[in-house]
Amino acid sequence: MRRSVLKGTAILMAAIMTAGMTMGCTAKTKEAAPTAAAGTETAEGVKPEEGKEKYVIGFSQTGTETEWVTAMSAEIIESFKGSAEFELLFSESQAIQENQIKAVRSYIQQGVDLIVLRPTVTTGWDSVLMEASEAGIPVILAGRRVEMATGDVEDYSLCYVGPDNVRAGEYLVEAMEQCCEGLEAPVNIVVLEGTVGASAATERNTGILNAIEKQDELVIYGSQSADWTRTKGKEVMEAFLKSAEAEGAKIQGVLAHSDDMGLGAIQAIQEAGLEPGKDIFLMGVDGARGSFEAMAEGKYNATVENPLGYGPALLKICQDYFLEGKSPESWVVLDNIVWFQDQAAEELPKRTW
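Everything quoted here is computed from the prediction, not taken from an experiment. (Residues numbered from 1 in each chain as written. Predicted model: local features only at pLDDT ≥ 70, side-chain atom pairs only at ≥ 80, totals over all residues. Heavy atoms only, no water.)

K.L.:
Would you mind showing me how to read the nonpolar core here?
P.N.:
Nonpolar side chains in soluble globular proteins generally cluster together in the buried interior. I57, F80, I140, V161 and Y310 are the most contacted members of the largest nonpolar core, which has 32 residues in total. Broken down by element, this core gets its largest block of residues, 8 residues, from helix α10 (residues 310-323). Each residue touching Y310, except ones within four places of it in the same chain, is listed here: W68, M72, E75, I76, A142, G143, V161, G162, P163 and L334. (Core = buried A, V, L, I, M, F, W, Y, C linked by side-chain atoms within 4.5 Å. Buried < 20%, exposed > 50% of the residue type's maximum accessible area, 1.4 Å probe, protein only. Helix = DSSP H or I, 4+ residues; strand = E, 2+ residues; numbered from the N terminus. Contact = heavy atoms within 4.5 Å.)

K.L.:
Help me understand the packing of helix α3 (residues 97-110) against helix α4 (residues 126-134) in this model?
P.N.:
Helix packing geometry: the angle between the two helix axes and the distance between the axes. One can describe the packing of α3 onto α4 by two numbers: an axis separation of 10 Å at closest approach and a directional angle of 10 degrees. Considering their axes alone, α3 and α4 lie roughly parallel with respect to each other. In this structure, α3 uses I101, V104, R105 and I108 to contact α4, whose residues at the interface are S127, V128, E131 and A132. When the residues that make up the contact of α3 with α4 are grouped by side-chain class, the tally is 5 nonpolar, 1 polar and 2 charged. (Axes fitted to C-alpha atoms, helices over the stretch in contact; angles between N-to-C directions. Parallel < 35°, antiparallel > 145°, perpendicular 65-115°, else oblique. Nonpolar A, V, L, I, M, F, W, Y, C, P; charged D, E, K, R; others polar.)

K.L.:
What's the story with unusual backbone geometry in this structure? I'm lost.
P.N.:
Most peptide bonds are trans, and most residues other than glycine sit at a negative phi. Cis geometry marks the peptide bond from A185 to P186, where omega comes out at 0 degrees. With respect to the secondary-structure elements, P186 resides in the loop between α5 (165-179) and β6 (187-193). Although it is not a glycine, D227 sits at a positive phi angle of roughly 55 degrees. With respect to the helices and strands, the residue D227 is situated in the loop between β7 (218-225) and α7 (230-247). With phi around 145 degrees, D286 is a residue other than glycine that occupies positive phi space. When its relative accessible area of 3% is taken as the criterion, D286 is described as buried.

Structure (structure tokens):
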């Protein structure tokens, strides 16, 4: 892993993120009667609809469960705010799938032109995606994927926008290997997983397991969901530490599917009389400001940045699709970036979330 290249890429990403990061997040409502999706379907996309003042985009977010999710919402809202061609409707569902399905159905009933969905979990979306398709409303999946039991999801979605979460999991293991160089094998690590059934959690865990199988120094002592949050991260880490103590084992590393869970683990480690970042190495995914603060204090060792860039990417897709008649690639990739402890102090003042 060439850290100098990753650092340079990270500086560029930080600049992009800074350009679109202002909170102003109130859901709008639309009273207009339902209409068909904009334009006539072509091989490339849709033809611009003559006389249409604005295309209405419905964005269904999971909730506000982590700093990263809040930043993602703010970026998307800000990107569409200044658009003359597009109006963004926003809803968050408190990380409850039933609420989110209701929100998507509301968008369908309102006759929006396109729906952006960041799904709470991977399955259970067949009916509502089919309803959107029947209404002629394209759906973009953002940040998380969907699996359908009754069809191919690519037939019911315009594209997926997001990073390679499997690779993010592999990056976590590679970063942990660097931190653990010189330690006597086997090195016991624990994994704090995201919500069971969320594609990001499943894919990051797949990446972790893939990378673990390719080496013989790191051993997974335990792996458990902590639902993305600091509170649960602390609780699960406390349980791991108590179990290890009872068994006479030693935990030396933590891989967290989100930085919030990793930051929660710091509290549990400190309360156990251990020194986070030294006695136990910690790293997670997101690149949240809190992880950079912890790295600057020596309490956290690395973070795999779950990239933003959704706002500009989604706006560009909508412009190309509705105004130019061009369809996006099936996967619009946002690149992960790895940050290490020795980069944190320099980068911290630039972090906006």
